[in-house]
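The chain contents come next:
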Amino acid sequence: MIRPRRNRRTPAIRSMVRETTLSPADFILPLFLHEDDADTPIDSMPGVTRWSLDSLVREAGEAHALGIPAVVLFPKIEEALKTADAAECHNDAGLVPRAIRRLKQAHPTLCVITDVALDPYNSDGHDGLVRRDERGSLTILNDETVEILCRQALCHARAGADIVAPSDMMDGRVGAIREALDSEDFTDVSIMSYTAKYASAFYGPFRGALDSAPKEGDKKTYQMDPGNIREALRETLLDEAEGADMLMVKPAGIYLDVIAKVRETSTLPVAAYQVSGEYLMIKSAAAAGWLDERAAVLESLTAIKRAGASVILTYFARQAAGWLASAS
Ligand code: PBG
């Protein structure tokens, strides 16, 4: 009789036939920062902190020492610096460029990734520039936004970013950013494109962390409809043609089918973002004693990798890297 259970009989046999394994090199750690000497716990994301620059550098160093190759930066910008043209996003003396320089100086081998989008800088809280017509209805301007995103990407490149990650979902931004980077000799700066970023309820806790929720309207005219997957493949083909180096699917755990399809459709590496709401679901269930946190986290990350992700952006990166180091 054929008995599949023989391959599950002992830990040794299971470890030989395991198809997907995790390592700290699979993780990108998202880090929040602000213009303040104190570190602030983020209410909407228990266990996650908004760091001062000094602490950010320390935190990134500790993560890197655990084998995590990269961090991605999310700034909370002071209300007074937010404007309708989001000009602070390309200020060379701004918070993000200063953080990049400090990180690269302290940890030269750490890969520093930046988020390219206007929402933390925009008084409207949208990822793009907003126009309001006489009747008060909002339009998110595409091409005008792309111009500013190019300036933002160049500002991050000048500060030393290794990878810029446009999370705005405007059309044509990958090609435009590639051209802008190349024209200023930043041919080695990579683009990790948020290829299939869905208009998801699971970003709620993140927007609380940065005070970056849209003041009016929603993001459905640029982020994707959760019901669509063929559209994700259309975005995949476009990002590839426009010169993206890596693609991303976001959220991750509830979009495993999209990860698998994007992976099949492109030869580019696929990243997946386990977003704040996914983090919070596990974290709060574990805090209530209803889930085994370690087991649930490692299982969720394994599933994302099994679906086809080469790398995972996750708020659990540090914890998971620690667990993997002590895994039996
Ligand atoms: C904004 C951005 C968002 C996230 C990453 N970049 C929020 C949004 O699009 O509203 C969400 C990350 C998370 O929920 O963990 N450009």
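Described below are features of the structure shown in this document.

In strand β12 (residues 311-314), alternate side chains face the same way, and those of V311 and L313 on one face and I312 and T314 on the other are all buried. In this structure, strand β1 (residues 27-34) lies alongside β12, joined through two bridges in parallel fashion. Within β12, the position partnered with I28 by the bridge is L313. In terms of strand pairing, strand β11 (residues 270-274) meets β12 through four bridges, oriented parallel. Pairing of A271 across the sheet is with V311, part of β12.

Another point: a positive patch on the surface. Taken together, the side chains of R3, R5, R6 and R8 define a basic patch exposed on the protein surface. Its place among the elements puts R5 in the segment before α1 (11-17).

In this structure, S200 sits in the loop between β9 (190-197) and α6 (204-210). For S200, the side chain forms a polar contact with the main-chain nitrogen of F202, separated by 2.9 Å. Discounting residues that sit within four places of it in the chain, S200 has contacts with Q223 and P251.

Here we take up the pairing of β1. Of all the eight residues making up β1, eight are buried; the element is thus mostly covered by neighbouring parts of the structure. Taking every second residue as pointing to the same face, both faces of β1 are buried, with F27, L29, L31 and L33 on one and I28, P30, F32 and H34 on the other. Sheet topology places β1 next to strand β4 (residues 70-76); seven bridges connect them, and they run parallel. Across the sheet, the residue bridging to I28 is A70, located in β4.

Attention now moves to the site of the ligand. Residues in close proximity to the ligand total 18 residues, the closest being K197, R207, K250, S276 and Y315. Take D119: an N or O atom from its side chain is 3.1 Å from a nitrogen atom of the ligand. Contacts to the ligand include S167, whose side-chain N or O atom sits 2.8 Å from a nitrogen atom. Alone, the ligand offers 400 Å² of accessible surface; in the complex the protein occludes 100% of this. Residues belonging to the shell around the ligand are distributed by class as follows: eight nonpolar, three polar and seven charged.

Core analysis: the biggest nonpolar cluster contains 106 residues, and F32 and L73 have the highest contact counts within it. Considering every element that reaches this core, the biggest residue donor is helix α4 (residues 142-159), with eight residues. Non-local contacts of L73, meaning those with residues more than four positions away in its chain, are made with L31, L33, L56, A99, I100, L103, V112, I113 and D115.

This model, assessed by the stated rule, comprises 19 salt bridges. D26 is the partner of K305 in a salt bridge, and the nearest nitrogen-oxygen pair spans 3.0 Å. Of this pair, K305 sits in helix α10 (residues 293-307) while D26 sits in the loop between α1 and β1, and the two are 279 residues apart along the sequence. Residue classification places D26 among the buried residues on the basis of a relative accessible area of 8%. Close ionic contact of K219 with D127 constitutes a salt bridge, the shortest N to O distance being 2.7 Å. One end of the pair, K219, is in the loop between α6 and α7 (230-242); the other, D127, is in the loop between β5 (111-116) and β6 (129-132), with 92 residues separating them in the sequence. Each member of the pair, K219 together with D127, is buried.

Criteria and cut-off values
Per-chain numbering applies: the sequence of each chain, read as written, is numbered from 1 onward. With the structure being a predicted model, the display of local features is reserved for residues of pLDDT at least 70 and the display and counting of side-chain atom pairs for 80 or more, all residues being used for whole-chain, interface and lining totals. Remark: hydrogens and water are excluded; side-chain values derive from all non-hydrogen atoms of the structure. Classification of residues uses two cut-offs on accessible area relative to the type maximum, computed with a 1.4 Å probe and protein chains only: under 20% is buried, over 50% is exposed, and between them is partly exposed. Helix and strand assignments come from DSSP, with helices taken as H or I runs of at least 4 residues and strands as E runs of at least 2, each series counted from the N terminus. Here, strands pair whenever DSSP counts at least two bridges between them. Residues enter a patch when their relative accessible area is above 30% and they make no salt bridge; the linking distance is 9 Å between like charges and 5 Å between nonpolar side chains (Val, Leu, Ile, Met, Phe, Trp, Tyr). Residue burial considers only the protein chains on display, and all accessible areas are found by Shrake-Rupley using a 1.4 Å probe. By convention in these notes, a salt bridge is any Lys or Arg side-chain nitrogen within 4 Å of a carboxyl oxygen on Asp or Glu. Charge convention: Lys and Arg are scored as positive, Asp and Glu as negative, and His as well as the terminal groups of each chain are ignored. Every charge is mapped to an atom, namely NZ of Lys, CZ of Arg, CG of Asp or CD of Glu. For the purposes of these results, a polar contact is taken to be a pair of N or O atoms within 3.5 Å, where, inside protein, one atom must be able to donate a hydrogen and its partner to accept one; residues adjacent in sequence count only when each atom of the pair is a side-chain atom. Residue contacts follow a heavy-atom distance rule, with two residues in contact if any of their heavy atoms lie within 4.5 Å. Residues are labelled near a given molecule or strand when at least one of their non-hydrogen atoms is within 4 Å of it. All amino acids are sorted into three groups, where Ala, Val, Leu, Ile, Met, Phe, Trp, Tyr, Cys and Pro are nonpolar, Asp, Glu, Lys and Arg are charged, and the leftover types, Gly among them, are polar. Nonpolar cores were defined as sets of buried Ala, Val, Leu, Ile, Met, Phe, Trp, Tyr and Cys residues, with membership established by side-chain atoms within 4.5 Å.

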